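Next come the chains, spelled out residue by residue.
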There are 8 protein chains.
Amino acid sequence: MDKDEIKILLNEVKENKINVEEALKKLEDLPFKDLGFAKIDNHREIRVGYPEVIYCAGKTVAQVRDIVKFMLTKNNNILGTRATEEMFNAVKEICLEAEYNELGKTITVRKKEQQITDSYIAIVAAGTSDLPVVEEAYETAKILGNKVVKVIDVGVAGIHRLFAKLDIIRGAKVVIVVAGMEGALASVIGGLVNKPVIAVPTSVGYGANFGGISALLSMLNSCASGVSVVNIDNGFGAAYNASIINKL
Amino acid sequence: MDKDEIKILLNEVKENKINVEEALKKLEDLPFKDLGFAKIDNHREIRVGYPEVIYCAGKTVAQVRDIVKFMLTKNNNILGTRATEEMFNAVKEICLEAEYNELGKTITVRKKEQQITDSYIAIVAAGTSDLPVVEEAYETAKILGNKVVKVIDVGVAGIHRLFAKLDIIRGAKVVIVVAGMEGALASVIGGLVNKPVIAVPTSVGYGANFGGISALLSMLNSCASGVSVVNIDNGFGAAYNASIINKL
Amino acid sequence: MDKDEIKILLNEVKENKINVEEALKKLEDLPFKDLGFAKIDNHREIRVGYPEVIYCAGKTVAQVRDIVKFMLTKNNNILGTRATEEMFNAVKEICLEAEYNELGKTITVRKKEQQITDSYIAIVAAGTSDLPVVEEAYETAKILGNKVVKVIDVGVAGIHRLFAKLDIIRGAKVVIVVAGMEGALASVIGGLVNKPVIAVPTSVGYGANFGGISALLSMLNSCASGVSVVNIDNGFGAAYNASIINKL
Amino acid sequence: MDKDEIKILLNEVKENKINVEEALKKLEDLPFKDLGFAKIDNHREIRVGYPEVIYCAGKTVAQVRDIVKFMLTKNNNILGTRATEEMFNAVKEICLEAEYNELGKTITVRKKEQQITDSYIAIVAAGTSDLPVVEEAYETAKILGNKVVKVIDVGVAGIHRLFAKLDIIRGAKVVIVVAGMEGALASVIGGLVNKPVIAVPTSVGYGANFGGISALLSMLNSCASGVSVVNIDNGFGAAYNASIINKL
Amino acid sequence: MDKDEIKILLNEVKENKINVEEALKKLEDLPFKDLGFAKIDNHREIRVGYPEVIYCAGKTVAQVRDIVKFMLTKNNNILGTRATEEMFNAVKEICLEAEYNELGKTITVRKKEQQITDSYIAIVAAGTSDLPVVEEAYETAKILGNKVVKVIDVGVAGIHRLFAKLDIIRGAKVVIVVAGMEGALASVIGGLVNKPVIAVPTSVGYGANFGGISALLSMLNSCASGVSVVNIDNGFGAAYNASIINKL
Amino acid sequence: MDKDEIKILLNEVKENKINVEEALKKLEDLPFKDLGFAKIDNHREIRVGYPEVIYCAGKTVAQVRDIVKFMLTKNNNILGTRATEEMFNAVKEICLEAEYNELGKTITVRKKEQQITDSYIAIVAAGTSDLPVVEEAYETAKILGNKVVKVIDVGVAGIHRLFAKLDIIRGAKVVIVVAGMEGALASVIGGLVNKPVIAVPTSVGYGANFGGISALLSMLNSCASGVSVVNIDNGFGAAYNASIINKL
Amino acid sequence: MDKDEIKILLNEVKENKINVEEALKKLEDLPFKDLGFAKIDNHREIRVGYPEVIYCAGKTVAQVRDIVKFMLTKNNNILGTRATEEMFNAVKEICLEAEYNELGKTITVRKKEQQITDSYIAIVAAGTSDLPVVEEAYETAKILGNKVVKVIDVGVAGIHRLFAKLDIIRGAKVVIVVAGMEGALASVIGGLVNKPVIAVPTSVGYGANFGGISALLSMLNSCASGVSVVNIDNGFGAAYNASIINKL
Amino acid sequence: MDKDEIKILLNEVKENKINVEEALKKLEDLPFKDLGFAKIDNHREIRVGYPEVIYCAGKTVAQVRDIVKFMLTKNNNILGTRATEEMFNAVKEICLEAEYNELGKTITVRKKEQQITDSYIAIVAAGTSDLPVVEEAYETAKILGNKVVKVIDVGVAGIHRLFAKLDIIRGAKVVIVVAGMEGALASVIGGLVNKPVIAVPTSVGYGANFGGISALLSMLNSCASGVSVVNIDNGFGAAYNASIINKL
């Protein structure tokens, strides 16, 4: 709708050829609808129970507390990731419902009831050292309203353990695979299930692991076709992504 | 075959309702069924129209032709990726229906009718130089039975072009973003849509692009939460992954 | 301006409290001004003599020729970078004015008169092997309407050669330094001039040069404070950037 | 002193208008002047209000205090970057005017009045975690005599926030973009403004961020043409560079 | 249990020599046996004196203690690698026999007698700084039941020291070479012995050593043919591998 | 000649049982014998049927032919690796028995009968694209006198194929695992067999495979304990190593 | 020309012993002399027989020929490195004395007699594949006037070959060690001689050799103390450096 | 001990001038002498004042003290590098003459008079942050018996400071250049002096400096021909190397 069209419309209003309500309708979504910014801006809030998210790393304790304080005014659920225990204590003081997952380093505040999905996300992890990433993913998926099942310590070095849990993994709508070291678990599971697999390389390991590069490259080069990858140790991103898919 | 079924079988043996040879036959393939290997083995074929896939790179023309020849006996659809024109010509000789996508370097053979999805996959690309990857993804998604929409040349350097196509992108059930250079498109789209975004870094660029590392790292570090990543130039993997999601 | 305000405005139009022209003015820049897209879209074309740019690498000869063909309809100047001689020949057939810089791999077409700047850009290069990048930068800066001076073969291994040209370099409004190998020239010049220095690392060298990484890292770590860096071999980007600064 | 001036001097010697000692004195610092070394040496001091700069990292508290002590004798303004609080306290003891920016880790001492520019530098940052780099850039730009505007938390994941501030960004003479993670903000802004953009990758992020490499490569490969890059976390360098451009 | 054994079992059922419940019990773990999973699962325990292994890094003190507690119930020998002194103290409290190797960071518990091999593993190390890795390998090889000989401080910079010990090295059935810095020792020994050489790069060194990459690449590129490599600092892996070979 | 033998010799000198010249002769080659240089020098030749090895890459056709010509005079078996077909043709002209493995790029000449081992080496490969490395390993292992079994196309994406061949793999005395892409096969097999596993990463793959780095890192970080690694695509080295172990 | 000389000159002017024009001429090149630039500029030519050097890589055949043509006018010796045979042929046409080293890719032209050093440079190489680098170093050292001895094929995998040549190596005044793959030779020789060792890593190898990085890192991390390193394949640089030392 | 000496010895045995035990003792270290190992072994001690060297990093305080204790028995001079203050204190207790260089982290013990060279080593450094490496090099060069001159803070960003010291630098027999950041100083000096230049990259810098890689690559790629490089921060290695050259 360009200048001339608007002029014509305004003249039609003036001349009563069109009533105000109709003109309004034509004009009202002009600024945003065309670009869709309103949707962007609000797409989180308009869903019941969607949390506000704070990435706490690199913030001071005071900053985290203040952000939570402000968020509490909106009465939403809140998820803080990469939070230290000190941050949690500061939040706890202003919000008794706050909970802390020590391994996952998450703060969660539940203000609204959430509708939980029927289908579930399976979080599968190679070893117990991957638990911090598993827990971050778990807390994220939960507060986003998903049913979640954890399957831990099924690394490929003892592949029979994995097979024992295969039915649970196959029952999920989307699978998160968390693995460090050589990250082979993603490929093996990718070859065994017919669901989207989101692979999270972890920095677990040493030496030529290079802080997770080894698992990252493994997963990117997976010979199994349904595997996509998120950043090293990014349990949050995997769960957020899985949640979108689980709710499709 | 579970515990109860084995018990029944053993009782039948005991009561001479079934002879030992027959019982043996029923038991001997037990290990695979219980572990679900039959499912694995067959999970592709049991779906109508699922193609057989050949990764042609690193194979000789003769090898590709022979594999296709064998696959034709199974009457399935066929997808060959990273195929040279010479490979295509060899395949064409034994299979007139074979088609070649020159940019995408794919050979496709359609033997079976496919049921096409209602929902669609959007393949969004930053520049025309990313077209080879786009076309590989396109052909893959099509032969897997998906409705696909391509949105090309909407790189972030002229972001208004992207906004003009936002409705089409948002209408998709899953979005594939193909971008080289700095790969910023994945983050921008990830912030604008509420669907799973599968990012494909391409090797398009030069210098500090390092054959796609630049875009790969960008996408892995995306500040937008719904983005997952596949290997550099891996249009096939992105489309395969998107297809699984699109059919959920 | 929200829904209610627009309604009030429309009512004022209807009731003749405000005339159409005034209402139009209030409405007209609504969609774009807020976001500025019109400016984006047109900011290149509205300047006299600004060229259309084609990055030819990764495009076919036919694609390049077709893009040029289309551009010629708009009667603008044209710059094609990373163009092969074959591409140039194809362009030459449809456009006699087309010129080719063999070293710089640029195609230029001049359709419009350009206003040339008074101040100049100095392009300083370490060695003769850096000439392809120098020429790309030179052609870019010229067609963008800049006065340009080239100072070649003044690498730091024979620093007296550099000092002999120092006055010319210092006379520029902005300096482009092109250097491969260890890229030390950028730091040395950065310490000698008080103008913005745009450093272009080149892939000239071998071994631990790693295709330009050596010079790139050198320049990024320059101990001289006025140096910024563009991608390896990116003569175009440096010149484009320099042109913006030269015209401030 | 050029050829003609030397000739005049020699004639004055010949004609006894000047004695040999005086002529000798005038000639003996010739080498430096001709090569411009004096200019180099003094080019900072001859501008009113230009600060002395100390890079404090890797220095001891005592060293920093002693350098400041010496600088104070010259009555210039002083900027210390990467300074710890302990360093500041030591400086504070000998200089009451010293100020400390905790986030930016800068010490500033203002001894001289500065003339502030009319045009301004915009410092745009993706997230709050980039603030330390923003503040280093801010303090540097300020003490170099620039008008500065900060635009924070406009990362591409919520691109509408960026558009809301576009006019401010476009009003600047030069734009500094500070971003970590995937650094996409530089490309997006580079496509939206027609001013020189100096991109500062930050080490904000984790995993495949590799201490800022991800953002660095992104920015070097920016598909937008007016972007140049400085070292990771180098707020000082960006501001110094921007200041030179802002004062052109 | 193979086909013939199942047939015999079924006949016993038929002939009432065994009742259904007993037969069921024998059959129900069939799937694993046939695939060899039982072997995997149990292959450690069935060998006298084979230890249980705990990789302690990334586990809490409590977790390590609890795992040991559980393992003690099985009366096996135990090896904990990458264990801190604090972990050892916690283990010591529940198990007096526990021993700690301070350099090697290993906890060992000996509950069963081990049969020691006649042939021996030689662990050869370049310098005293490589001792932590040597000790980890040593403790691992010992608790796996191997005779082990250590040859320390025979780096190539003083090659005569190596030659003085050549007979001992050549007498081994398998040789572990531990070296940091440039890791040249592996190649030199690989050229002097006719036994399998397992090379362990260590992170000993600085600068361009890059945490062991230098030695790792050296060893992977060894011009001597009998050398294979394990992860940086992976003394455990080398010893485990050597033990398998030593017991062939 | 050890200490005691020298003592005896000296006594013989003393007692005139041997004259000084003879004693001198016996002593003068002492340094080499004691240090085992003679052994080194000859340790290959003294074993029946051990081949001479030529690494042909980087040599001219003439050089390869001349080296073979010389080797033929010693009547040994010969193995040439990384040989082009042109090299083979040149060798064929001077040696009719020469054979060429096109995939493995090996030239073999059999002059001597070899004693073949009873135990066998299993060469297991993930995909058909890994065949060149498999064949290099196969030809090397064969000419070194080993019984060899190849198990191809058992990649982890279809893990049931691997299980079908597990008995063959487990029957080997040493296992070579050849895999590109993410190299997960090494870990999976490492967890399933109790034999030394020598992993060969291949450069098969693309993008973030980085010419085999992905598989290399995977294998070095294998969570299975009996895995050691050789250089990328180093089929020769793996087989040489396996041969030493197979003959222990 | 120092202070005293200028004083004398000025007095001569004053006393009319020399006219102003002559004095001016003597003074005008003063800046360069004092700073030693003349020395720099001419330091090569003033030594008898020092060659002019052309780095031919990245130059066209015509450029190389033209540079040689110009150099011939100065009657100096000439060294062209990284020259193709085509370049040589073009040079040969204008200069019959030109010689070409096919392996070393050098063009040499001898116009002047050279004084050859008494002491010699030893060039020691690990394998025959390193010969191109050896020859580049050899030709460079020769035309710079050095006595040179080559010791080839003494890699550490057969260390007795090295010992057989140790006296020759120890007799040199400076040793160049050329080695690819793991580059261990530099450390071994560094530990055996008491002379400066200049190590040249070569790109010989494959896989994790990464084009010479493996040998480069090895050499930089050498545990032997007298080793310094030049760029990968930089035979010229090593020889130039060795020549300076050999002539001290 | 050569052939003639052995002959004499044998004759002495024969003639009972020496008994068998004594002869045996003289012979038993023969192997080493003949191969020149004695020279290696002892080549340090036989020179007056040559120090014993301890690389203290990665050693415990007790280990360092014990090594020094043992060395003191040999009455040599001692150099400990990378020593902590705690180590020094422990050494001081057993050796009052021990001195500590806090910046250089060296312990030196002077037991023997050293003959100091006439020619000197110049250690040139870019910035004050490079001082720790300068001091390590300085202490090493001194205790090795060299005259040493330090030239500090002459980085290329203010190149006139370098020229002011050029005569001192040119007067040296060998030049050590210590520089971090972009390491350009090595190239500039390499172009200005005609002496061997040993470049030491330092880890001084941040961001894309990558712990010294930036300077390392710069120096390896130096366009000046007489530059060789040692490991990052390896002041000891540079000085050791320079000392060998200085004493030629």
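Residues numbered from 1 in each chain as written. Chains lettered and ligands numbered in written order. Predicted model: local features only at pLDDT ≥ 70, side-chain atom pairs only at ≥ 80, totals over all residues. Heavy atoms only, no water.

(A) Examining the overall build of chain A more closely. Tallying secondary structure elements over chain A gives 12 helices and nine strands in all. Every one of the 248 residues in chain A was classed for burial, and the buried ones make up 61%. When contacts within chain A are restricted to residue pairs at least 6 apart in sequence, those whose partners lie at least 24 apart make up 68%. About 9300 Å² of surface is accessible on chain A, with carbon and sulfur atoms providing 50% of the total. (Helix = DSSP H or I, 4+ residues; strand = E, 2+ residues; numbered from the N terminus. Buried < 20%, exposed > 50% of the residue type's maximum accessible area, 1.4 Å probe, protein only. Contact = heavy atoms within 4.5 Å. Areas by Shrake-Rupley, 256 points an atom, 1.4 Å probe, with all protein chains shown as cover.)

(B) Inspection of the packing of helix H11 (residues 213–220) of chain A against helix H11 (residues 213–220) of chain F at higher detail. Axis separation between H11(A) and H11(F) bottoms out at 8 Å; the angle between their running directions is 125°. What the angle tells us is that H11(A) and H11(F) run oblique. Regarding H11(A) and H11(F), the two cross each other, and that crossing is left-handed. Here A:Ile213, A:Ser214, A:Leu217 and A:Ser218 of H11(A) come into contact with H11(F), specifically with F:Ile213, F:Ser214, F:Leu217 and F:Ser218. Its residues assigned to classes, the contact of H11(A) with H11(F) shows four nonpolar, four polar and no charged. (Axes fitted to C-alpha atoms, helices over the stretch in contact; angles between N-to-C directions. Parallel < 35°, antiparallel > 145°, perpendicular 65-115°, else oblique. Left-handed = near helix turned anticlockwise from the far one by under 90°. Nonpolar A, V, L, I, M, F, W, Y, C, P; charged D, E, K, R; others polar.)

(C) Layout of the domain arrangement of chain A. Residues and elements named next belong to chain A. Under the domain assignment, chain A is made up of domain 1 (31–109) and domain 2 (120–246). The C-alpha-based centres of domain 1 and domain 2 are spaced at 25 Å. Contacts between the two partners involve 16 residues from domain 1 and, on the opposite side, 13 residues from domain 2. Of the roughly 1200 Å² buried between domain 1 and domain 2 on both sides combined, carbon and sulfur atoms contribute 62%. Counting across the domain 1 and domain 2 interface gives one salt bridge. Glu136 is the partner of Arg82 in a salt bridge, and the nearest nitrogen-oxygen pair spans 3.1 Å. Remark: the boundary between domain 1 and domain 2 carries four residue pairs in polar contact (both at pLDDT 80 or more). Contributing elements (two or more residues each) for the side of domain 1 that touches domain 2: strand S2 (78–81) and strand S4 (106–109). Per-class residue counts for the side of domain 1 that touches domain 2 are seven nonpolar, seven polar and two charged. (Domains from an automatic or database assignment. Buried area = accessible area lost by both parts, 1.4 Å probe. Salt bridge = Lys/Arg side-chain N within 4 Å of Asp/Glu carboxyl O. Polar contact = N/O pair within 3.5 Å; in protein donor to acceptor, adjacent residues only side chain to side chain.)

(D) Quick peek at the pairing of strand S7 (residues 174–179) of chain D. All names here are of chain D. Along S7, six of the six residues are buried, which leaves the element largely enclosed by surrounding structure. Neither face of S7 is open: one carries Val174, Ile176 and Val178, the other Val175, Val177 and Ala179, and all of them are buried. For strand S5 (residues 120–125) and S7, the ladder comprises five bridges, and the chain directions are parallel. Across the sheet, residue Ala122 finds its bridge partner in S7, namely Val175. Here five bridges tie S7 to strand S8 (residues 197–201), and the two strands are oriented parallel to one another. Pairing of Val178 across the sheet is with Val200, part of S8. (Pairing = 2+ DSSP bridges.)

(E) Region of the structure containing the sheet that holds strand S3 (residues 99–101) of chain G. Residue and element names in this part refer to chain G. Judged by pairing direction, the sheet is mixed, and its four strands sit side by side in the order S1-S2-S4-S3 without closing on themselves. If you trace the sheet from one side to the other, it starts and ends with strand S1 (52–55) and S3, each paired once. For this sheet the average axis-to-axis angle between neighbouring strands, irrespective of direction, equals 15°. As paired elements, S3 and strand S4 (residues 106–109) share three bridges and run antiparallel to each other. Directly across from Tyr100, in S4, lies its bridge partner Ile107. Contacts from helix H5 (residues 61–72) reach S1, strand S2 (78–81) and S4 within the one sheet, and its direction differs from that of S1 by about 175°.

(F) Seen up close, the environment of H:Thr108. Residue and element names in this part refer to chain H. Inspection of the secondary structure puts Thr108 in strand S4 (residues 106–109). Judged by relative accessible area, Thr108 falls into the buried class, the value being 4%. Along the sequence, Thr108 and Lys142 sit 34 residues apart, while their C-alpha atoms lie 10.0 Å from each other. Once residues within four sequence positions are removed from consideration, Thr108 is found in contact with Ile78, Leu79, Glu97, Ala98, Glu99, Glu139 and Ile143.

(G) Region of interest: the sheet that holds strand S1 (residues 52–55) of chain H. All names here are of chain H. Strands sit in the order S1-S2-S4-S3 across an open sheet of four strands; the sheet is mixed. Looking at which strands have only one partner, the edges of the open sheet turn out to be S1 and strand S3 (99–101). Adjacent strand axes in the sheet meet at a mean angle of 15°, parallel and antiparallel pairs treated alike. Pairing between S1 and strand S2 (residues 78–81): four bridges, direction parallel. Each residue of the ladder has a partner; that of Ile54, found in S2, is Gly80.

(H) Expanded view of the UniProt feature "domain: PurE" (unreviewed entry) in chain A. As recorded in UniProt, the feature "domain: PurE" (unreviewed entry) lies at residues 119–248 of chain A. Split by type, residues 119–248 of chain A is 41% helix and 19% strand. Its first and last C-alpha atoms lie 10 Å apart. (UniProt positions renumbered as here; feature names shortened; annotations may be inferred.)

(I) How the structure looks around the packing of helix H7 (residues 131–143) of chain B against helix H12 (residues 235–246) of chain B. All names here are of chain B. Two elements in contact, H7 and H12, have axes separated by 7 Å at closest approach and are oriented at 35°. The two elements H7 and H12 cross, and the hand of that crossing is right-handed. When H7 is examined against H12, the residues Val133, Glu136, Ala137, Thr140 and Ala141 are found in contact with a partner set consisting of Gly235, Phe236, Ala239 and Tyr240. In terms of residue class, the contact of H7 with H12 is made up of six nonpolar, two polar and one charged.

(J) How the structure looks around the confidence of the model for chain A. All names here are of chain A. Averaged over all residues, the pLDDT of chain A is 84; the fraction at 70 or higher stands at 88%. Counted against residues more than four places away or in other chains, residues 28–49, with its pLDDT under 50, gives 43 contacts. Of the two predicted TM-score estimates for the complex, the pTM is 0.84 and the ipTM is 0.81. (pLDDT = per-residue confidence, 0-100.)

(K) Structural detail: helix H5 (residues 61–72) of chain E. All names here are of chain E. In this model, H5 (12 residues) spans 17 Å end to end at C-alpha, consistent with the 16 Å of a helix rising 1.5 Å per residue. Val64, Val68, Met71 and Leu72 are the residues of H5 that are buried. Projected onto a plane normal to the axis of H5, the buried residues spread over an arc of 100° and lie on a single side. Elements that come into contact with the buried residues of H5 comprise strand S1 (51–55), strand S2 (77–81), helix H6 (85–94) and strand S4 (106–109). (Expected span 1.5 Å × (residues − 1). Arc of directions from axis to C-beta.)

(L) Focus on unusual backbone geometry. Residue and element names in this part refer to chain E. The backbone of Arg82 shows a phi angle near 50°, a positive value even though the residue is not glycine. Mapped onto the elements of the fold, Arg82 is located in the loop between S2 and H6. Given a relative accessible area of 22%, Arg82 falls into the partly exposed group.

(M) Geometry of the state of the cysteines. Enumeration according to the criterion identifies zero disulfides over all chains in this entry. The thiol sulfur of D:Cys56 is not disulfide-bonded, and the nearest other cysteine sulfur, from D:Cys95, lies at 13 Å. (Disulfide = S-S within 2.5 Å.)

(N) Just helix H12 (residues 235–246) of chain G, in detail. All names here are of chain G. Over its 12 residues, H12 extends 16 Å from the first C-alpha to the last, a length consistent with the 16 Å expected when each residue adds 1.5 Å. Extensive coverage of H12 is indicated by the burial of 12 of its 12 residues. For H12, the set of buried residues is Gly235, Phe236, Gly237, Ala238, Ala239, Tyr240, Asn241, Ala242, Ser243, Ile244, Ile245 and Asn246.

(O) Inspection of the side chain of D:Asn246 at higher detail. One can find D:Asn246 in helix H12 (residues 235–246). Every residue in contact with D:Asn246, bar those within four places of it in the chain, is listed here: D:Thr117, D:Ser119, D:Tyr120, D:Ile121, D:Asn146, D:Lys173 and D:Val174.

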